[in-house]
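Here is how the chains run, residue by residue.
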Amino acid sequence: WQSLMFHECQRTSSGSVVALLQSFPFLCFCFIRFTPWQQVELANFLLVCDCVSLEPGFIRLTRRGSHAGQNGVRSVMENLGSREFPRLRVGVGRGKSRNVVLADHVMANFSAVENEALQSALRRATEAIECFLQHGIDKAMNDFNDKKIILEKISAHLSDWMKEQNETSRLF
């Protein structure tokens, strides 16, 4: 826990405590719910991080997983000695150019359209965090991992790919 900096702590009406932590040197935030005088369980720990694999505007909750090349997640995993903790990924996309270094893209200013999508995602992420803290990861995943939106996104990518394939085949 040595690379996690304490930000804020509040007691809930049920008597448990919710703490906000930030990992250093990376920009990941963690929420943890615990009862004073008891050992902290990783199931009550929620890591919130950016995700280039999700387009801006999308969020995704998972029960556990790998770091997927994200240095902030890797750092938290190393410090906790485990990958068995819930996480909330907020989509920032990969950027339009394949030549852009991902770290530069994540730290750059977003376009007006991307910024609007990110604001929407952050509102949903806030609601997802509140749901997680009150009801746990399963309910938060069921309520906020919107399969309809994901299926629409996959359908749109498939449609774009098929158009691209048709245009390419006409060239030959």
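Note: the structure precedes this text.
Remember, predicted model here, so these are calculated numbers, not experimental data.

A. Spotlight on the overall build of the protein chain. Within the protein chain one finds five helices and six strands. When its helices and strands are written in sequence order, the protein chain yields β-β-β-β-β-α-β-α-α-α-α. Partitioning the contacts of the protein chain with sequence separation of at least 6, the portion at a separation of at least 24 is 55%. Of the roughly 11,200 Å² of accessible surface on the protein chain, a fraction of 54% belongs to carbon and sulfur atoms.

B. Structural context of the pairing of strand 6 (residues 87-91). Burial analysis of strand 6 places four of its five residues in the buried class, the great majority of the element. One ladder, built from five bridges, connects strand 4 (residues 45-51) with strand 6; its direction is parallel. Each residue of the ladder has a partner; that of Cys-49, found in strand 6, is Arg-89. In this sheet, strand 6 lies alongside strand 5 (residues 59-62) in antiparallel orientation, the contact comprising four bridges. The residue bridging Thr-62 from the neighbouring strand is Arg-87, located in strand 6.

C. Structural detail: the pattern of salt bridges. Applying the stated criterion across every chain yields a total of three salt bridges. A salt bridge links Arg-64 to Glu-84, with the shortest nitrogen-to-oxygen separation between them at 3.3 Å. Of this pair, Arg-64 sits in the loop between strand 5 and helix 1 (71-80) while Glu-84 sits in the loop between helix 1 and strand 6, and the two are 20 residues apart along the sequence. For Arg-64, a relative accessible area of 43% puts it in the partly exposed group.

Thresholds, definitions, all that
Every residue gets a number counted from 1 within its own chain, in the order that chain's sequence is written. Side-chain atom pairs in this predicted model are given and counted only at pLDDT of 80 or more, local residue features only at pLDDT of at least 70, and totals for whole chains, interfaces and linings cover all residues. The side-chain figures draw on all heavy atoms in the structure; neither hydrogens nor water molecules are used. Elements are defined by DSSP. Helices are runs of H or I of four residues or more, strands are runs of E of two residues or more, and each kind is numbered from the N terminus. Residues are treated as being in contact if the distance between any of their heavy atoms lies within 4.5 Å. The protein chains shown are the only cover counted for residues, whose accessible areas, like all others here, come from Shrake-Rupley with a 1.4 Å probe. Relative accessibility thresholds used throughout: buried, under 20% of the residue-type maximum; exposed, over 50%; partly exposed, between the two (1.4 Å probe, protein chains only). The pairing criterion is simple: DSSP has to find at least two bridges between the two strands. Counted as salt bridges are all cases of a side-chain nitrogen of Lys or Arg within 4 Å of a carboxyl oxygen of Asp or Glu.

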